[in-house]
Structure formats: structure tokens, C-alpha cells
Amino acid sequence: MTEAATTDGTAVDTRPTKIMYVAEATAHGGRDGYVISQDGQLDLKVAMPPELGGDGNGTNPEQLFAAGYSSCFHNALIMVGNRAGYDLSGSTVAAKVGIGPNKQRGYGLAVALSVSLPVLDADLAAKLVDEAHEVCPYSNATRGNIDVTILLG
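Just so you know, these numbers come straight off a predicted model, no measurement behind them.

This part is about the pattern of salt bridges. One pass over the full model with this rule turns up 4 salt bridges. The shortest N-O distance in the salt bridge between R31 and E62 comes to 2.5 Å. Here R31 is found in the loop between β3 (25-28) and β4 (33-37), whereas its partner E62 is found in helix α1 (residues 61-83), with 31 residues between them in sequence.

Set out below in C-alpha cells:
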């Protein structure tokens with residue numbers, strides 16, 4: 001079961017009750033190949049970044065994860081803002097996804113989300129960001145699995 005802990009430590013089941021959409025993509029050649037979505041909307045060359053020994057002549061899974069998480073979190077933020085009666089025009093969410101070795105001889109990820117809500121005061125912005133973090137599917141999927149830091153600026 002996929003669970004996330006609430007602030008009081010209670011486990012919460014974050015699995016979907018109904019699948020509304022399924023994305024499908026296929027990788028060819030791993031980190032030195034290409035990825036293509038079933039519908040052809042995504043068709044990208046994939047390459048190892050220079051920091052990991054590659055030529056950097058293509059995108060990489062961490063960039064794709066950063067793009068997905070930032071857009072999903074931003075949508076969750078806009079949704080909770082709209083529910084509370086706020087127009088979040090001009091807001092942005094940027095994601096940094098880091099990769100490195102873990103203690104189990106594998107690799108792990110860490111995420112830093114930078115949220116800009118220029119039209120709101122800091123307390124209200126923090127409240128909406130916290131609510132978005134509870135709603136966002138990427139946040140729910142990563143909670144307890146990888147470090148996610150949210151910076152509000």
C-alpha cells in the first residue's frame with residue numbers, strides 16, 4: 001500500500017480510487033538512447049549529463065522528472081488557490097532534481113521546488129503551498145521516499 005504520514009504520524013492511503021488517464025512511454029537504449037510516448041507527443045533523445053560521464057547531447061530522466069513535478073505541483077497550487085478564491089497568475093514553480101549514490105549501492109533522488117507567489121503575503125503563500133503538497137500526485141508519490149524541499153520566495 002502506498003502511504004503517506006500526516007503531521008500527527010497517521011498513515012494515509014494516497015492510491016487513486018479511479019484511474020482517469022494513463023500515460024505510456026517507451027525507452028530505447030536507456031540513458032543513451034531515446035524515449036517516445038505512445039501518442040508521439042514526446043519523442044526525445046536521451047543522453048547522460050557530463051556530470052555523470054556523458055556528452056549531455058540530449059535530455060535526461062532527471063530533467064523529465066523536474067519538468068513533470070514542477071508542472072504538476074504548479075497545477076495543484078493553482079487549483080488550491082482557485083478553491084480558496086485566489087488568482088495565482090504570475091506564480092511559478094521550478095524544480096531541481098538531484099541524483100547520487102545511496103547507502104544501498106544504488107542511486108537516489110532529491111528534489112527542491114522553488115515556488116514564487118508574488119501577489120500573496122508569506123503566510124498565505126505558505127498555507128497554499130502546504131495544501132498543494134498534499135494534493136499533488138508527485139508529492140504523494142515521493143513522500144517518504146525521497147527528500148523534497150520546498151522553498152518559497
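Next comes the rest of the account.
A few words on the pairing of strand β5 (residues 43-46). Two elements, β4 and β5, share 4 bridges in a ladder whose sense is antiparallel. Within the sheet, the bridge partner assigned to I36 lies in β5 and is D43. Following β4, the chain reverses through 5 residues before pairing antiparallel with β5; G40 in that reversal takes a positive phi of roughly 80 degrees.

What follows covers the sheet that holds strand β6 (residues 92-101). Strands sit in the order β6-β7-β8 across an open sheet of 3 strands; the sheet is mixed. Every other strand in the sheet has two partners, leaving β6 and β8 (147-152) as the edge strands with one partner each. Each neighbouring strand pair of the sheet contributes to a mean axis angle of 15 degrees, computed without reference to strand direction. With 10 bridges joining them, β6 and strand β7 (residues 107-116) adopt antiparallel strand pairing. Note on β7: the bridge partner recorded for G98 is A110. Strands β6, β7 and β8 of the sheet are contacted by α1, whose axis makes an angle of about 145 degrees with β6.

Rules and cut-offs
- Residues numbered from 1 in each chain as written.
- Predicted model: local features only at pLDDT ≥ 70, side-chain atom pairs only at ≥ 80, totals over all residues.
- Heavy atoms only, no water.
- Salt bridge = Lys/Arg side-chain N within 4 Å of Asp/Glu carboxyl O.
- Helix = DSSP H or I, 4+ residues; strand = E, 2+ residues; numbered from the N terminus.
- Pairing = 2+ DSSP bridges.
- Axes fitted to C-alpha atoms, helices over the stretch in contact; angles between N-to-C directions.
- Contact = heavy atoms within 4.5 Å.

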